[in-house]
Amino acid sequence: MSFPRKLVLLGATGSIGGNSLRVIRRHPDKLKLIGISAFQNGEKLGSIAREFGVKKIHLSQTPSNIPELPNGTEFTSGAEALLDLASWDEADMVLVAVVGAAGLPPTLAALEAGKDVVLANKESLVVGGSLVMETANRTGARILPADSEHNAVFQCIQGQPQKSLDSLALTASGGPFRNLPLEELSKVTPETALKHPNWIMGPKITVDSATMANKGLELIEAKWLFDLPPEKLHVLIHPPSLVHAIVKFKDGCCLAQMSPPSMTFALQNAMLYPERHTGVDEGLDLSASLDLSFSPPDMERYPCLKLAIQVLRDDGSAPLVFNASNEVAVEAFLANRIGFESISSIIEHSLNLFEHRSFSTLDDLLYLDEEARLLAKQAIVKFA
Ligand code: NAD
Ligand code: MG
């Protein structure tokens, strides 16, 4: 695909949205922002629209006041209009930075329209991996992974045939409670869980990193993106977050990708692929010493990761139930309604009680997702 690329950014007001805007500001000759969306923050969206002169803006929730917009900018709201923006014929590339399973319908709409999709949203592949991959394969649309670990794998496998891959490891910092005595996990509060040692991210993924549900979601994401069986997908704790993934090939050689913990590296790599240009943030200083320590995770400390590894073997509704119950539980934890350790209890409870079945359409999936959320909401009361 040639440059400049006309880009639609869904979830423009979030943490990934902000880092994406930094990349766009750095490369105005290569990337033209033409459409943006957010859930409800019209004021922030309006200011992005004015800075970049975007042509279309969308809010999921209809606001009481429509934000002040540049002349000629079209404003829409509601679920259907988000799909129209994701499949807008003027766009070359759609960056999905929406949080949660809400990212799935626009991802499918963009792929259905044959757009290149820069995928930061991981939940869409977790809940609808088969639909996402089938749609991309059918329309020929490309998925450019922007989650840092998956972008790292993507970089390592360029020019390597699929049959040469043996296995891979995604790295994890271990989060803020990596060294906390296990008996103190029950005292963890949203304030402490939201202090990630290396990354600045949105609240949901920051809690997911503390429980390592995030790495579980990423294993499922990797299964779909790189077509490897569950036993070939590994996790390694690497506290400094410099190496993002390691790929092992059939001949036993490994390649790894390294960059400081900022999402601009992965986002720029995906947005400008296959070109490389000066980045937004400084890369690693190769004249200084580097901490390259790796160790396998302690499953007793990270029960959400243990559950995700069980779910990884299931191509039916288990990943969807894992994700829905995690989203509901994290929201309840952030609202101080349940304790930190109840997050894994609610996921386990939901996985055990859900009447699992397979699905083949988006409507069926959304119906099951709703059912799984209801079950998890009932469990909130039990585990409060
Ligand atoms: P965030 O909460 O900071 O931002 C989310 C964005 O999505 C906001 O613009 C918000 O308005 C919008 N949004 C929220 N709910 C929505 C809904 N129901 N419908 C439409 N739009 C909605 O989240 P984030 O940290 O930027 O993460 C975004 C996605 O990227 C997540 O899937 C996350 O797992 C993934 N991701 C984030 C990081 C990171 O560094 N933050 C790294 C890797 C992957
Ligand atoms: Mg990641």
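Heads up: these notes are all about the structure in this document.

1. Digging into the coordination of the magnesium ion (ligand 2)
In an ideal tetrahedron of four donors about a metal, each angle is 109.5 degrees. In an ideal octahedron of six donors, the angles are 90 or 180 degrees.
Next up, step 1: Coordination sphere of the magnesium ion (ligand 2), protein contribution only: Asp147 (OD), Glu149 (OE) and Glu218 (OE), at 2.1 to 2.2 Å.
Next up, step 2: Donor residues for the magnesium ion (ligand 2), ordered by position in the chain, follow D-x1-E-x68-E. Placement of Asp147 in the loop between strand E7 (143–145) and helix H6 (148–156) and of Glu218 in helix H9 (residues 213–226) is noted, with a sequence separation of 71 residues between them. Across the pair, exposure class does not vary: Asp147 and Glu218 are buried alike.

2. Concerning the sheet that holds strand E11 (residues 254–258)
Next up, step 1: Strand order in the open sheet made by the 4 strands is E9-E8-E10-E11, with mixed pairing throughout. Each having just a single partner strand, strand E9 (233–237) and E11 make up the two edges of the open sheet. If you compare each strand with its neighbour and ignore which way they point, the axes differ by 20° on average.
Next up, step 2: Alignment of strand E8 (residues 165–172) against strand E10 (residues 243–249), held across 5 bridges, turns out to be antiparallel. Along E10, the bridge assignment pairs Leu165 with Phe249.
Next up, step 3: Where H6 meets the sheet, its contacts fall on E8, E10 and E11, and the angle it forms with E10 comes to roughly 40°.

3. Here's the deal with the packing of helix H11 (residues 303–311) against helix H12 (residues 318–334)
Geometrically, a packed helix pair is captured by the angle between its two axes and the distance between the axes.
Next up, step 1: With their axes 9 Å apart at the nearest point, H11 and H12 run at an angle of 155° to one another. By the angle class used here, H11 and H12 are roughly antiparallel. You can see that H11 and H12 cross each other, and the crossing is left-handed. Of the residues in H12, those in contact with Cys304, Leu307, Ala308 and Val311 of H11 are Ala318, Pro319 and Phe322.
Next up, step 2: Of the residues in the contact of H11 with H12, the class split is 7 nonpolar, no polar and no charged.

The rules behind each value
Residues numbered from 1 in each chain as written. Chains lettered and ligands numbered in written order. Predicted model: local features only at pLDDT ≥ 70, side-chain atom pairs only at ≥ 80, totals over all residues. Heavy atoms only, no water. Donors = N, O, S within 2.8 Å, 3.2 Å for Na, K, Ca; no water. Helix = DSSP H or I, 4+ residues; strand = E, 2+ residues; numbered from the N terminus. Buried < 20%, exposed > 50% of the residue type's maximum accessible area, 1.4 Å probe, protein only. Pairing = 2+ DSSP bridges. Axes fitted to C-alpha atoms, helices over the stretch in contact; angles between N-to-C directions. Contact = heavy atoms within 4.5 Å. Parallel < 35°, antiparallel > 145°, perpendicular 65-115°, else oblique. Left-handed = near helix turned anticlockwise from the far one by under 90°. Nonpolar A, V, L, I, M, F, W, Y, C, P; charged D, E, K, R; others polar.

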